[in-house]
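# Structural overview
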Amino acid sequence: MQYFTLVSLDSVTGSLSVSTSVADSLFSVGTCQDNTACRMLQTVGGWLWWERLWLPGNVSWSDLEDSEGRVYAKASQLYAALPCALCLLLVRFLFERYLATPVANVWGIRDRVRLTAEQNPILENYFCRQARVPSQADVRSLCKKTSWPERRVQVWFRRRRNQERPGLRKRFCEASWRCVFYFFAFVGGVLALYDKPWLYNLKEVWEGFPKQSMLPSQYWYYLLEMGFYLSLLLSLSFDVKRKDFKEQVIHHIATLTLLSFSWISNYIRIGTIVMAVHDSADILLEGAKVFNYAKWHKTANAIFVVFTVLFMLTRLVIFPFWLIHCTWVYPPEKFPPFFGYYFFNVMLLLLQILHLYWAALISRMFYKCIFSKLEGDDRSDEEEDDSDSPKERNHKLSHMNGSGARGRANGH
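Residues numbered from 1 in each chain as written. Predicted model: local features only at pLDDT ≥ 70, side-chain atom pairs only at ≥ 80, totals over all residues. Heavy atoms only, no water.

### Quick notes on the overall build of the protein
Worth spelling out the cut-off: Secondary structure counts use DSSP, requiring at least four H or I residues in a row for a helix and at least two E residues in a row for a strand, with both numbered from the N terminus. The buried label goes to any residue with under 20% of its type's maximum accessible area, the exposed label to any with over 50%, and the partly exposed label to all in between, with areas taken from a 1.4 Å probe on protein chains only. Between two residues, a contact is recorded if the distance between any of their heavy atoms is within 4.5 Å. Residue burial considers only the protein chains on display, and all accessible areas are found by Shrake-Rupley using a 1.4 Å probe.
The number of helices and strands found in the protein is 17 helices and zero strands. Put simply, the protein has 412 residues, and 47% of those count as buried. The long-range fraction of contacts in the protein, counting pairs at least 24 apart against all pairs at least 6 apart in sequence, stands at 79%. Here the protein displays about 21,500 Å² of accessible surface, and carbon together with sulfur accounts for 64% of that area.

### So, the UniProt feature "transmembrane region" (unreviewed entry) in the protein
Selection rule: UniProt positions are given in the numbering used here, feature names are shortened, and annotations may be inferred rather than shown by experiment.
Under the UniProt annotation, "transmembrane region" (unreviewed entry) lies at residues 78–95, 175–194, 219–238, 302–324 and 339–358. Spanning residues 175–194, this segment combines 95% helix with 0% strand, and its end C-alpha atoms are found 28 Å apart. Counting secondary structure, residues 219–238 comes out at 80% helix and 0% strand; the distance between its end C-alpha atoms is 30 Å.

### Looking at empty space enclosed by the protein
Vacant regions in the atomic arrangement are exposed by a probe of water-molecule size rolled over the atoms. Threshold: A pocket here means an open set of points on a 1 Å grid, computed over the protein atoms alone, that has protein on both sides within 12 Å along at least five of seven lines. A cavity is instead a set of points where a 1.4 Å probe fits but cannot get out; residues with an atom within 4 Å of a point line either one. Grid points are joined across faces, edges and corners, and a volume is the space filled by probe spheres set on the points.
Within the structure shown, the criterion is met by six cavities of 30 Å³ or more. Computed from the structure, the second largest cavity encloses a volume of approximately 160 Å³. Thr255, Leu259, Val274, Met275 and Leu351 are, among the 16 residues lining the second largest cavity, the residues nearest its centre. Listing elements by their share of the lining of the second largest cavity, those giving two or more residues are helix H11 (216–234), helix H12 (245–264), helix H13 (268–293) and helix H16 (339–371).

### Topic: the layout of surface pockets
Threshold: The classification used treats Ala, Val, Leu, Ile, Met, Phe, Trp, Tyr, Cys and Pro as nonpolar, Asp, Glu, Lys and Arg as charged, and all other residues, Gly among them, as polar.
Taken as a whole, the second largest pocket encloses approximately 300 Å³ of empty space. Around the second largest pocket, the lining is made up of 15 residues, and of these Leu199, Ile273, Ala276, Val277 and Ile318 lie nearest the centre. Listed by contribution, the elements that provide at least two residues to the lining of the second largest pocket are helix H9 (168–193), H13 and helix H14 (297–329). Split into classes, the residues belonging to the lining of the second largest pocket amount to 12 nonpolar, three polar and no charged.

### Description of the confidence of the model for the protein
Quick reminder of the rule: Scored from 0 to 100, pLDDT records how confident the predictor is in each individual residue.
Looking at the protein, pLDDT values average 80 and 81% of them are 70 or higher. In the model of the protein, helix H1 (residues 2–13) stands out as the element of lowest mean pLDDT, 37, in contrast to helix H5 (residues 81–106), which has the highest, 95. Ignoring residues within four places in sequence, the model shows residues 389–412, a span with pLDDT below 50, making seven contacts including any to other chains.

### Observations concerning the environment of Val306
Positionally, Val306 belongs in helix H14. For the pair formed by Val306 and Leu285, sequence separation is 21 residues and the distance between their alpha carbons is 9.3 Å.

### A closer look at helix H8 (residues 150–163)
The cut-off we apply is this: Expected helix span is taken as 1.5 Å per residue step, with the number of steps being one fewer than the number of residues.
Across its 14 residues, H8 extends 20 Å between first and last C-alpha, which sits within 8% of the 20 Å expected from 1.5 Å per residue. Listing the buried residues of H8 in full gives Val153, Val155, Trp156, Phe157, Arg158, Arg159, Arg160, Arg161 and Asn162. Its buried side turned inward, H8 meets helix H6 (121–129) and helix H7 (136–146).

### Let's talk about the packing of aromatic side chains
Counted only if it meets this: Put simply, two rings from Phe, Tyr or Trp (the six-membered ring, in Trp's case) pair if the centres are within 6.5 Å, and we call them stacked under 30 degrees between planes, edge-to-face over 60, tilted for the rest.
Within the structure shown, the criterion is met by 34 aromatic pairs. Here Phe181 and Phe228 contribute two aromatic rings whose centre-to-centre distance is 3.8 Å and whose plane-to-plane angle is 10°, an arrangement assigned as stacked. In this pair, Phe181 is assigned in helix H9 and Phe228 in helix H11, connecting sequence segments 47 residues apart. This pair shows no difference in class: Phe181 is buried, exactly as Phe228 is. Clustering of aromatic rings is evident, with ring pairs tying together Trp54, Trp206, Phe209, Phe261, Tyr267, Phe335, Phe338, Phe339, Phe343 and Phe344.

### Examining the pattern of salt bridges
Where charged atoms of side chains with opposite charge meet at close range, the side chains can pair. Selection rule: A pair is scored as a salt bridge if a Lys or Arg side-chain nitrogen falls within 4 Å of a carboxyl oxygen belonging to Asp or Glu.
The tally for this structure, following the rule as stated, stands at 12 salt bridges. Taking the shortest distance from any N to any O, the salt bridge between Lys74 and Asp66 comes out at 2.6 Å. Residue class for Asp66 comes out partly exposed when judged on its relative accessible area of 39%. One salt bridge in this structure joins Lys334 and Glu207, with 3.3 Å as the shortest N-O distance. On the criterion of sequence distance, the pair formed by Lys334 in helix H15 (residues 331–334) and Glu207 in the loop between helix H10 (197–200) and H11 is long-range, its members being 127 residues apart. Salt bridges sharing common partners tie together Arg92, Glu96, Glu174, Arg178 and Asp239.

### Some remarks on the nonpolar core
A general trend in soluble globular proteins is that nonpolar side chains are found buried together. Filter applied, for reference: Residues belong to a common nonpolar core when they are buried Ala, Val, Leu, Ile, Met, Phe, Trp, Tyr or Cys residues joined through side-chain atoms within 4.5 Å.
With 87 residues, the main nonpolar core has Trp206, Tyr267 and Ile270 as its most contacted residues. Secondary-structure elements contributing two or more residues to this core are H5, H9, H11, H12, H13, H14 and H16. No other element matches H13, which puts 13 residues into this core. Aside from chain neighbours lying at most four places away, what touches Ile270 is Val205, Trp206, Leu323, Cys326, Thr327 and Phe344. Ala117, Tyr126, Leu142 and Trp148 belong to the second largest nonpolar core, which has 11 residues in total.

### Regarding the environment of Arg269
Within the secondary structure, Arg269 is located in helix H13. With relative accessibility at 16%, the residue Arg269 sits in the buried group. Those residues in contact with Arg269 that lie beyond four places of it in its chain are Trp198, Glu204, Val205, Glu207, Gln212 and Gln218.

### A short note on the packing of H6 against H7
The cut-off we apply is this: Note on definitions: angles span 0 to 180 degrees between N-to-C directions of axes, and those axes are lines fitted to C-alpha atoms, for helices only across the stretch in contact. For classification, angles of less than 35 degrees are called roughly parallel, those exceeding 145 degrees roughly antiparallel, those between 65 and 115 degrees roughly perpendicular, and all remaining angles oblique.
One way to put it is that H6 packs onto H7 with a least axis distance of 10 Å and a crossing angle of 150°. With respect to H7, the axis of H6 lies roughly antiparallel. Each of Ile122, Leu123 and Tyr126 in H6 lies in contact with H7, whose residues at this interface are Asp138, Leu142, Lys145 and Thr146. Of the residues assigned to the contact of H6 with H7, the class counts are four nonpolar, one polar and two charged.

Next comes the structure, spelled out in C-alpha cells:
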C-alpha cells in the first residue's frame, strides 16, 4: 500500500521511474519481506501509471509539475473524496431529521398504514431464502404446506413485500435532500463556469491541453460532486430502491470513474461542463417528486413537464451532439489519440446509453402526465394492494363473530 501511495503521489508531480526507485529503497530497508511480491507491485504500478495511458504521446508526468504559478491536479487529491462523502452523509442525516421531517409534518405527509403479514415460518423461510415473488406453481406448493387458500398466500407475500418498502416520508426526505444538493451543486457549477471562455467556445476546452492550470473553483466543484456520488454508493443499503437500481449503480460507478480519470488526465474543463449539464435537470426531477409526495399534484406535474423538456434537451441533444462531439472530434486536431482519449469517450457513451433508457421511462411518465394521471415515479417499487377481498373479509368477520358468540356462551 505504501508503494501505491508513492506512485499515486508522484504520478502527477514526477516520473514513474522516480516513484519506483523510491519504492525500491523503501523495500530494501525491510518494509517488504517478499522481494518477488514487491517487484510484482512495481510492475503493476508501472503499468497503472504508464504515461501513455493517461497523457498524449508528447507529454510526460514531469511536464505537469507545479511551476511558474501553475497548479495541476494531482491523483493524491482524490483521497479527499472519501471524507467529503462521509461529511455529506452527516449533513444529509441532519438535513432529513431537522429540516425535511418538520416540513413533511407541516405538509401532512404520512406513511400509509400497512397491514402486517401473519407469522408463518414456512412462508417467511421461502421469502428470505428463495424469492420475494413466488411463481404460481410455488404458490400452490406453499398452499399445500401451510393449508392456506391461494388468495391468502398471495396476500401474505404482498404484505411481506410492503413491510420492506420505504414509507412516503422517507421518500420525501430523500428527494428533498437530492433536490437541495443538486440546486447548490448547479449554482456552484454556474459560478465556476460562467466567465470561462470554454463554456461558450468548446474548442477552448483543449487549448493548451494538458498543461492547463487547475482553478480553486474547479477543485471544490469536483470534490463536492465526487463526494456526493460516493456517498450515494455508501448509502445504497438504506436508500429507496427503485426498479432501475442496477442502472443507478452503473451510473454512479461510471460517473466516479469518469471524474477520477478526468481529474488525473486534466480533462477538468470538459468535466465541469458535463457535471453542470447533468445537475440542471436533476433539480427539477427531485423537485417534482417532493411536490408529488406532498399531494401538490398540479405543481408536481407542471415541474415534471419542464423537467422532461430540459432532460431531453440536455441529455439527448446537448450531451451527445455538443459535449461528446467536443471530446471525440476536437482532441485529434491538437494531439494524437491515446488510450485515455478512447477510454473517456467510451465512458461518455455508456452514460448516453443510460440516458436513452431513462428517456424511455420519462416519456412513458410524460404520456401519463399529459393524457391520463401520473400517480408516481415509474422507477419506484410502489406499494401493492394487500387488502383482503370483500368475500374474505365477510368470512373472517363472520368467523370472528361466531367465535365471540361461542365464547360468550361458554362464559369467557
